[in-house]
Amino acid sequence: MNDLLNATTVNKLRPLRTQQIRNTISMMMLGEVEEIRDIAREVLKIFGEYSLTDFIWPLKKLKVGKYEKRIDDIFNKFDPVIERVIKKRREIVKRRKNGEVVEGEVSGVFLDTLLEFAEDETMEIKITKEQIKGLVVDFFSAGTDSRAVAIEWALAELINNPRVLQKVRDEVYNVVGKDRLVDEADTQNLPYIRSIVKETFCMHPPLPVVKRKCVEECEINGYVIPEGALILFNVWAVGRDPKYWDRPLEFRSERFLESGGEGEAGPIDLRGQHFQLLPFGSGRRMCPGVNLATSRMATLLASLIQCFDLQVVSSDGQILKGKDAKVSMEERAGLTVPRAHNLVCVPLARARVAAKLLS
Ligand code: HEM
């Protein structure tokens, strides 16, 4: 999994991401665009819930209750899509193996690699079609909804903090200008955008809890943790803890500026080495998509800021101005923590660059 998402592979797929602003995960994973974001969100929502049937086993067999029905519905929506794509990609892999050039089909697709593993007789570990389907769901649910959740929170924070928004916009215009669209390589020169990404993950980690199983009895702060215990690490709470962060409830991305400014948290990164900021987990099971997710998020945010003004609308469709132009920051519970209400705003195109994005 880490090899599939290492820096080299992710870099090789950069052209594909440039063509495809939306649905990058779908393109990288399946080689085509599949609108399964809603399915991914449903999967994560149901993961975060519990069912009575988990506690009263006989009910499970009887398939009573809405929970079981929802699981079946998700499966019935997802399975035909993935069956069809597997069939198509298996054919492409076979043709390529026979030396054929398959016109019009992208290469480097993750699913192809998994299918090649599955067919490889010399592989020590056999991977089945069911496991491939499971991995695809994992990638989609881990990679699609969490990114959408993070982008929505970042935009909401920027809308509610016009001072920060202005600073970021100035940075994008100073570094990239208005004659071309910002791209992934530019983000290296956009420290303010990168600080926004970190601050968003700190205040709104899309996956609020990281879990581990204790493999050996140990003692932490006087608490004995028995072997086999499930440990839930509350990333969300730590990101808002005044013990670690100055004014944690204020969206103050400057704390993450690497040089200049306030920058007191500048050296803290998202790679699981700083335990006060673990939105991608830590250790061997940490998120392999961290590079992809953070660079895509920075590019997408920068391009939206470069091209659009986002106007807030009231429930009856009126454009709100000044202090009233705020969006709600209410959260919804689940395995991810998305906004309770969809972020509804009117994008107004800015500058010449917008025409490029819109075309
Ligand atoms: C905003 C974006 C994302 C966030 C916040 C996020 C967060 C996380 C977290 C917290 C974990 C658990 C880590 C642990 O237990 O230590 C995880 C695991 C995982 N993530 Fe992500 N992720 C994101 C994007 C992605 C993307 C883009 C991909 C793939 C394309 C991806 C693939 C995975 C996979 C496969 C795992 C399971 C790793 C394993 O169990 O070994 N994630 N992610």
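The structure under discussion appears in the preceding block.
Residues numbered from 1 in each chain as written. Predicted model: local features only at pLDDT ≥ 70, side-chain atom pairs only at ≥ 80, totals over all residues. Heavy atoms only, no water.

Q: I keep staring at helix α6 (residues 66-97) and nothing clicks. Help me out?
A: For an α-helix, 3.6 residues make a turn, and residues three or four places apart therefore share a direction. Here α6 is 32 residues long and its end C-alpha atoms lie 46 Å apart, about the 46 Å a rise of 1.5 Å per residue gives. At F78, α6 shows its strongest bend, of approximately 25°, with the proline P80 following within four residues. Residues of α6 that are buried include every one of Y67, E68, I74, F78, D79, V81, I82, V85, I86, R89, I92 and V93, and no others. A positive backbone phi angle near 85° is found at G99, which sits one or two residues after α6. (Helix = DSSP H or I, 4+ residues; strand = E, 2+ residues; numbered from the N terminus. Expected span 1.5 Å × (residues − 1). Bend = angle between axes of the 7 residues up to and from the residue. Buried < 20%, exposed > 50% of the residue type's maximum accessible area, 1.4 Å probe, protein only.)

Q: What is the right way to read the side chain of R255 from this model?
A: Relative to the elements of secondary structure, R255 occurs in the loop between α11 (235-238) and α12 (290-307). A polar side-chain atom of R255 sits 3.1 Å from the main-chain carbonyl oxygen of E250. Each residue touching R255, except ones within four places of it in the same chain, is listed here: E199, W245, D246, R247, P248, E250, G263, E264, A265 and G266. (Polar contact = N/O pair within 3.5 Å; in protein donor to acceptor, adjacent residues only side chain to side chain. Contact = heavy atoms within 4.5 Å.)

Q: Quick question: what am I supposed to make of α12 here?
A: Helix length check: α12 (18 residues) gives 26 Å between terminal C-alpha atoms against 26 Å at 1.5 Å per residue, within 8%. Of all 18 residues that make up α12, 15 are buried, and the element is covered over most of its length.

Q: What should I look at first to understand the coordination of the iron atom of the ligand in this one?
A: In ideal tetrahedral geometry, four donors around a metal make angles of 109.5 degrees, whereas ideal octahedral geometry with six donors gives angles of 90 or 180 degrees. In this structure the iron atom of the ligand is ligated by exactly one protein donor, C287 (SG), at 2.3 Å. Mapped onto the secondary structure, C287 falls in the loop between α11 and α12. (Donors = N, O, S within 2.8 Å, 3.2 Å for Na, K, Ca; no water.)

Q: Just checking my understanding: could you explain the pattern of salt bridges for this structure?
A: Pairing is possible between side chains of opposite charge, provided their charged atoms come close. With the rule as written, the count across this model stands at 21 salt bridges. A salt bridge links D186 to R180, with the nearest nitrogen and oxygen atoms 2.9 Å apart. What makes D186 buried here is its relative accessible area of 8%. A single network of salt bridges, built from pairs that share partners, joins D79, E83, K129, E130 and K133. (Salt bridge = Lys/Arg side-chain N within 4 Å of Asp/Glu carboxyl O.)

Q: Explanation requested: the packing of helix α8 (residues 129-160) against α12 in the structure shown.
A: When two helices pack together, you describe them by how their axes are tilted relative to each other and by the distance separating the axes. It is the contact of α8 with α12, at a shortest axis distance of 11 Å, that shows an interaxial angle of 40°. What the angle tells us is that α8 and α12 run oblique. The handedness of the crossing between α8 and α12 comes out as right-handed. Contact residues: R147, A150, I151, A154, L155 and L158 in α8; A293, R296, M297, L300, L301, L304 and I305 in α12. Here the contact of α8 with α12 is composed, by residue class, of 11 nonpolar, no polar and two charged. (Axes fitted to C-alpha atoms, helices over the stretch in contact; angles between N-to-C directions. Parallel < 35°, antiparallel > 145°, perpendicular 65-115°, else oblique. Left-handed = near helix turned anticlockwise from the far one by under 90°. Nonpolar A, V, L, I, M, F, W, Y, C, P; charged D, E, K, R; others polar.)

Q: So what exactly am I meant to see when it comes to the packing of helix α7 (residues 110-119) against α8 here?
A: Axis separation between α7 and α8 bottoms out at 11 Å; the angle between their running directions is 155°. The angle between α7 and α8 falls in the class roughly antiparallel. Seen from above, α7 lies across α8 with right-handed handedness. Listed contacts from α8 to F110, L111, L114, L115 and A118 of α7 are I132, L135, V136 and F139. Among the residues making up the contact of α7 with α8, the classes are represented as nine nonpolar, no polar and no charged.

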